Amino acid sequence: AAAAAAAAAAAAAAAGVAVQESGVAVTFNNTERVLEALSHGVALVDRSHWGRLRVAGGDRLALLHNQSTADFMQLTAGQGCDTVCGFSMLSPAYIKRPAILQVPFCLNLSTLRAAPVLRAAGVRFGFLMQQLYRAVLLLQVLVNAQARCLDLATALVLESSVLLLASPAMKQPLLQRLDKFIFPADDVTVTDVSERCGMLTILGPQADDVMKELAGDAFKLQGESYGRHQLLRFGPGAPVIVAVGTGLAMPGYTLIVDQSGAADVYAALVNKGCVPMGEADWERARITQGRPAAGAELTSDYNPYEAGLCHAVSLNKGCYIGQETLAKLSNTNGVKQQLWGLQLSCRAAPGAVIRAAPAAGAADSSSSSSS
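Quick look at the structure, then. (Residues numbered from 1 in each chain as written. Predicted model: local features only at pLDDT ≥ 70, side-chain atom pairs only at ≥ 80, totals over all residues. Heavy atoms only, no water.)

### As for the packing of aromatic side chains
For the structure on display, the rule yields two aromatic pairs. Ring geometry for W50 versus W282: centroids 5.9 Å apart, planes at 90 degrees, classification edge-to-face. Highlighted residues: W50 in the loop between β3 (43-46) and β4 (51-56) and W282 in helix α11 (residues 279-289), separated in sequence by 232 residues. A residue is classified by how much of its surface remains accessible, and W50, at 6% relative accessible area, is buried. Between the aromatic rings of F219 and Y253, the centroid separation amounts to 5.4 Å while the plane-to-plane angle is 85 degrees, which identifies the pairing as edge-to-face. You can see F219 sitting in the loop between α9 (207-215) and β10 (229-232) and its partner Y253 sitting in strand β12 (residues 252-258), a full 34 residues away along the chain. The class for F219 is buried, based on a relative accessible area of 8%. Above the face of the W50 ring, R47 is positioned so that its terminal group lies 4.1 Å from the ring centre. (Phe/Tyr/Trp six-rings, centres within 6.5 Å; stacked < 30°, edge-to-face > 60°. Helix = DSSP H or I, 4+ residues; strand = E, 2+ residues; numbered from the N terminus. Buried < 20%, exposed > 50% of the residue type's maximum accessible area, 1.4 Å probe, protein only. Lys NZ or Arg CZ within 6 Å of the ring centre and 35° of its normal.)

Now the structure itself:
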């Protein structure tokens, strides 16, 4: 495997492709072609280093509904959406502290004395305690959560599961965060399937033409809403999930393909005229399009409104972690800062202070930039 990786890296270097140790192509040294493709053709980026989590079980929609900002209970198989995941929650240390027992109705002596009676009546005492614990936890979270962001994920609702597409390096934090709120009685599992499948995205105004050439009349997604998806076959291999959306404010599609056939699908897209796009050009497009990134503009310092993610927030679906804070911000016009893009005369490092030129009679103003 090491020899194969070294050979692949050598071949990429010979072709002028800069590749990270992780295997991610940084650049194909074709930025001008990529910019032209994004404006008038089709660009192709390999996003297989992004995370893919499979959420399965009868309670899968309820879990995601309660732990993120989107209204999952309104979605059916074949639909999808963006959602903001991982609000700041109570620390595990706080959850385990006896102070949580101060809530009046929970785990008091009279409840404990009633345990034999409850058992005799056929009530599972452990299940009752779990429900009381869940209620206490929910109340505590709603009071204390500040609606801060961990990641912007895309959810694809399949027939028997939900596929959650997470930002690079965020799959493990998201898995741990979701797993923390799965209780023994819940019918739901969260599995990392990132190694089992590849993830390719085509971007540009000619993306529909490429999909029609590959799939023919079976392609039914032209003009459909963001997140809509279907299974398509491009050859003898496993079917491919094709979803409307690129992760950016650009037309195109994201393809989830079995790992064994990812290279073949990538080659087929290149043969149809898609221009390979490296991570550096993706990052440039991300910043130009204003998509916040986990660890940069999406951190515990900012809420979804400040990060420009209003489209991923539902205020009408009932209580969920961070809902109270978001509703208050919306109702009181309480958003004090927002993500903006600035076109500068020179490159600025993330975190650098940017100062505006002073106007006559006005004081200097300054702000910090995450990207």
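### Things to note about the environment of V270
Mapped onto the fold, V270 is located in helix α10 (residues 262-271). The class for V270 is partly exposed, based on a relative accessible area of 31%. Excluding anything up to four places from it in sequence, V270 contacts L44 and P276. (Contact = heavy atoms within 4.5 Å.)

### Remarks on the sheet that holds β10
Pairing within the open sheet is mixed, and its six strands lie in the order β10-β11-β12-β9-β3-β13. Looking at the sheet topology across the chains shown, the edges are occupied by β10 and β13 (275-277). Within this sheet the neighbouring strands show an average axis-to-axis angle of 25 degrees, counted without direction. When strand β11 (residues 240-244) meets β12, the two strands line up antiparallel, connected through four bridges. (Pairing = 2+ DSSP bridges. Axes fitted to C-alpha atoms, helices over the stretch in contact; angles between N-to-C directions.)

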